[in-house]
Amino acid sequence: MGSGHFLVTLVDFLADRVIGAMAEAEAAVEGYVSPLASRIQTIRERIVANAEERNWAIDRDRLDDRHIVRRMVLKRCVYGVDKNPMAVELAKVALWLQTFTVGAPLSFLDHHLRCGDSLFGAWARSGIDKATEYGSPLLLHGSVTEAKRAAQSMQTIEGLTDAEIAEAHRSAEAFAEVEEATAPLNAVLSLVHALDWLEVKDRKGKTALQAFFTGQLGDPIVITAGDAAPERPKPKSESGGITRQISPEEAFEAYSNIAKRAGTLIENERFFHWQTAFPGVWMNWESEDPEGGFDAVIGNPPWDRMKLQQVEWFATRRREIALATRAADRKRMIAALERDGDALAQDYAVANGRAAMAAGMARRSGDYPLLSAGDVNVYSLFVERAMTLVKPDGMVGLLTPSGIASDKTAARFFKGVATQGRLKALYDFENKKVFFPDVHASFKFCVFVASPSPIGGDAACAFYLHNVAELGDAERRFPLTAEALARVNPNTGTAPIFRTRRDASLTTAIYERLPVLVDRSTGEEVKAWPVTYTRMRTFGARALT
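Residues numbered from 1 in each chain as written. Predicted model: local features only at pLDDT ≥ 70, side-chain atom pairs only at ≥ 80, totals over all residues. Heavy atoms only, no water.

Enquirer: Would you explain the overall build of the protein in this entry?
Expert: Within the protein, the secondary structure is distributed over 22 helices and 12 strands. A principal-axis box enclosing the C-alpha atoms of the protein has dimensions of 115 × 85 × 50 Å. Burial statistics for the protein: of 545 residues in total, 44% are counted as buried. Residue pairs at least 24 apart in sequence account for 69% of intrachain contacts in the protein once pairs closer than 6 positions are excluded. By element, 53% of the accessible surface of the protein is carried by carbon and sulfur atoms, the whole surface being about 28700 Å². Here the protein carries 66 positive and 70 negative side-chain charges, and the mean point of each set is 9 Å from the other. (Helix = DSSP H or I, 4+ residues; strand = E, 2+ residues; numbered from the N terminus. Buried < 20%, exposed > 50% of the residue type's maximum accessible area, 1.4 Å probe, protein only. Contact = heavy atoms within 4.5 Å. Areas by Shrake-Rupley, 256 points an atom, 1.4 Å probe, with all protein chains shown as cover. Lys, Arg positive; Asp, Glu negative; His and termini not counted. Charge placed at Lys NZ, Arg CZ, Asp CG, Glu CD.)

Enquirer: Can you walk me through the side chain of R422 in this structure?
Expert: With respect to the secondary-structure elements, R422 resides in the loop between α20 (411-419) and β7 (423-430). Although R422 is buried, it forms no salt bridge, and the closest oppositely charged side chain is E384 at an N-O distance of 8.8 Å. Among all residues touching R422, those that are not within four sequence positions of it are M387, G416, V417, A450, S451, P452, S453, P454 and I455. (Salt bridge = Lys/Arg side-chain N within 4 Å of Asp/Glu carboxyl O.)

Enquirer: Explain the nonpolar core to me, please; I cannot follow it from the model alone.
Expert: Among soluble globular proteins, nonpolar side chains are generally buried collectively. Core analysis: the largest hydrophobic core is formed by 58 residues, its most contacted members being W274, I404, L423, L426 and F448. Per-element accounting of this core gives the leading share, 6 residues, to strand β9 (residues 459-465). If we skip the residues at most four places from it in the chain, L426 touches A405, F414, C446, V447, F448, A460, C461, A462, F463 and A495. Within the second largest apolar cluster, 33 residues are counted, among which are Y134, I223, I258 and A362. (Core = buried A, V, L, I, M, F, W, Y, C linked by side-chain atoms within 4.5 Å.)

Enquirer: I'm lost on unusual backbone geometry in this one. Help?
Expert: Among all residues except glycine, the phi angle is most often negative; among peptide bonds, the trans geometry is most common. Backbone geometry at D162 places phi at a positive 55 degrees, although glycine is not the residue there. Position of D162 among the secondary structure elements: in the loop between α7 (150-159) and α8 (165-198). Take D162: its relative accessible area is 0%, and that puts it in the buried class. Positive phi, normally seen in glycine, also occurs at N284, with a value near 50 degrees. Position of N284 among the secondary structure elements: in the loop between β3 (282-283) and β4 (291-292).

Enquirer: Please explain the sheet that holds strand β8 (residues 444-450) as it appears in this structure.
Expert: Sheets are built from strands paired through backbone hydrogen bonds, the pairs being either parallel or antiparallel. If you trace the 6 strands from one edge of the open sheet to the other, you get β5-β6-β8-β7-β9-β10, paired in mixed fashion. The open sheet terminates on both sides in strands that have one partner only, identified here as β5 (294-299) and β10 (478-480). When strand polarity is set aside, the average angle formed by the axes of neighbouring strands in this sheet is 15 degrees. Inspection of the sheet shows β5 paired to strand β6 (residues 390-401) by 5 bridges, in the parallel sense. Looking across to β6, one finds that V297 is bridged to V396. (Pairing = 2+ DSSP bridges. Axes fitted to C-alpha atoms, helices over the stretch in contact; angles between N-to-C directions.)

Enquirer: What is the right way to read the packing of helix α2 (residues 35-53) against helix α3 (residues 65-76) from this model?
Expert: Geometrically, a packed helix pair is captured by the angle between its two axes and the distance between the axes. At their nearest, the axes of α2 and α3 sit 10 Å apart, and the two run at 95 degrees to each other. With respect to their mutual orientation, α2 and α3 come out roughly perpendicular. In this structure, α2 uses L36, R39, I40, I43 and R44 to contact α3, whose residues at the interface are D65, I68, V69 and M72. Grouping the amino acids of the contact of α2 with α3 by side-chain chemistry returns 6 nonpolar, no polar and 3 charged. (Parallel < 35°, antiparallel > 145°, perpendicular 65-115°, else oblique. Nonpolar A, V, L, I, M, F, W, Y, C, P; charged D, E, K, R; others polar.)

Remember that the coordinates give geometry; whether it matters functionally is a separate question.
Spelled out as structure tokens, the structure:
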């Protein structure tokens, strides 16, 4: 969410569209009055009555239809997630300022603006599968059913306009019910996901986890939720020898150690489980392919490599290390911290270990099959995550480095999007210190808009832009068909770069008539002509006398 700029603009955009749709409908049908109009008027009257009762001054200009629709959109349609708690609070303040109405309380936003890591968390289905692996196939079904009931409370919150203080209080009370209903499943999903991060492979640890999930240490749901402590298992003679590989005492101690490590990981990483956070967005949680999702996902994700960067990490902690020009010098200075017993050395080791753990989890979790190769960049994971969060016909719009369309590591992903008719727009910009002063002038970024499903129509493309106004230039902004995108770079799958419409038309026309010499896009070599490659041999010569 950052500081909420995207969400603030989104609220205004949607509110204007709602007002415009009402006006169009009423103009198109004589005598038609939008049912929303009476709802807006009711809210306005309640705000005025509430203010008059308390002798509050009212700004009538901020009680027009647009301002009231803004509040409705804010409460009902806008969601946000950020790992940084301060970013969540800043976003709330920005949205409150934008939608503030004298005479009405600030809208309740905790139900839709949440704190957590958008990239790492578990889905209900994967949680059930993991529990099954540990020997407890029915562990989560009851918790899933209870959590899904929270969707009704969430709908109640979204329907309240918070036009008066009592409604804002009812919103908070309903959200408390949501949290209570989803807490057991949320806690178990966090534990299961943390265990994936920890990769418990030793015999003692695996046996201890099996003992926990099969209930030998007590009810796993109650323990994970923090409502009870694990119980020491009975001796083998009393328990029937269920934990034959290790003693009951060893199982208890091993689980306690794992649970402590998992708890620390959960607290620091803030795993975010989308279904329990927003229970009304998805249905059929226990299915391999749950229904639902968001209509759109927008944002400007971090453009950072997941691998810990020494310069950035030490810049605000030990500047002399960050300013060292050679990696060898930084390594030597970090080693000196370790020898001196400096606490910063331990902090660095922990941060470095967590970054490596996160990168490894991104690669092996199965959530990012297309964009987790190589030196993982956080933005690429956000792109793939966004594609899983939207409905099949939803839309993703993200601001990312242009590597999403040009890097080899992203080629498989982009090729699928571009050649299957799922790309809506690709606008490539060269920074030139115009957009981001702290980013190198030659750095390229893009507006990437796409859908999980074919959307019909051509993709709107523009490259090497230096300002947004250039998008209005028909020569700089032009359409590219899925077929054209497939023909020009069939082997690499990356986006072809054209500076002008003329360049694009000429190049795509050539490739339409004369395909590439060898097409390897299907996994096999398809040659346009029966060409064979040979190498010239060099023969020695001897002078004859």
